[in-house]
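Notes for the structure review
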Amino acid sequence: MIIHLNGWPGVGKKTIGTILADALDARFIDNHCLHDPALACAGFHDPACWPLYETVRDAAYAVLRDRPAGEIFVITNALTTRSDRELHSWRLVVELAMARAVPLVPVILTAERDELLRRVASPDRNPRKLTDPATLSGYLEKLHIQHPLVPETLVLDVTDLEPQRATTVIQTHLSDVGASLRPATVAHLTLQ
């Protein structure tokens, strides 16, 4: 199974994903473990950044494709609907699940705008992540987070949820849909 956590910066993907992966004895693939090598080597605005990120991501997914069949993955991303690169990134997640013949459960983490802006500006936030509320505000005004139109998709507002409680809600959802889950298909590419 692959559980894919998607949401804006500051929503808590890494924190919730870490707790969820521990609870499920799953492999945790945080989007920063794939982005950070490109950002460290090239920088966000350098034209070499995205080709390097794609090389790292493709190599990582090739390894993940061949992991033992029973392994569970928790993957995080901040994928929107208006970027061809991000639509392609989702396609690769779906193809990874299809190649492994495992279910893919999309989880969209949301939070109120003011709370997201507060979180990204937190002095405790990792400086390698987005820390500028104005940049995030611009994204929120122009872009929409991808929302796959499959029955197993969970939309979870974490504005007032502690990470442990959010993880419990996700685990309950996985249990509720478990009997109906089938391996991922191209239906996962249909987005709201």
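Cut-offs applied
- Each chain has its residues counted from 1, running along the sequence as written.
- With the structure being a predicted model, the display of local features is reserved for residues of pLDDT at least 70 and the display and counting of side-chain atom pairs for 80 or more, all residues being used for whole-chain, interface and lining totals.
- Side-chain measures were taken over the full set of non-hydrogen atoms in the model, leaving aside hydrogen atoms and water.
- We count a stretch as a helix when DSSP gives it H or I for four or more residues in a row; a strand needs E for two or more, and each element gets its number in order from the N terminus.
- A 1.4 Å probe rolled over the protein chains alone gives each residue an accessible area, and that area as a share of the maximum for its type sets the label: buried under 20%, exposed over 50%, partly exposed in between.
- In these notes, a set of buried Ala, Val, Leu, Ile, Met, Phe, Trp, Tyr and Cys residues joined through side-chain atoms within 4.5 Å is what counts as a nonpolar core.
- When checking whether two residues touch, look at their non-hydrogen atoms; a contact exists if any pair is within 4.5 Å.

**Thoughts on unusual backbone geometry**
A positive phi angle is found at Asp25, which is not glycine, with a value near 55°. Position of Asp25 among the secondary structure elements: in the loop between α1 (13-24) and β2 (27-29). By relative accessible area, Asp25 is classed as exposed at 71%. Of note, Ala101 is a non-glycine position whose phi angle comes to about 55°, a positive value. Its location among the elements puts Ala101 in the loop between α4 (84-100) and β4 (104-110).

**As for the nonpolar core**
Within the largest apolar cluster, 27 residues are counted, with the highest numbers of intra-cluster contacts made by Leu5, Val107, Leu109, Val158 and Ile170. Elements supplying a minimum of two residues to this core: β1 (2-6), α1, β4, α5 (113-120), β5 (154-157) and α7 (163-177). Those residues within four positions of Leu5 in sequence are excluded, and the remaining contacts are Lys13, Ile16, Gly17, Val74, Ile75, Thr76, Asn77, Val107, Leu109 and Ile170. Judged by nonpolar contacts, the second largest core, of 21 residues, contains Ile29, Leu64, Val93 and Leu104.

These values are about where atoms sit, not about what they do.
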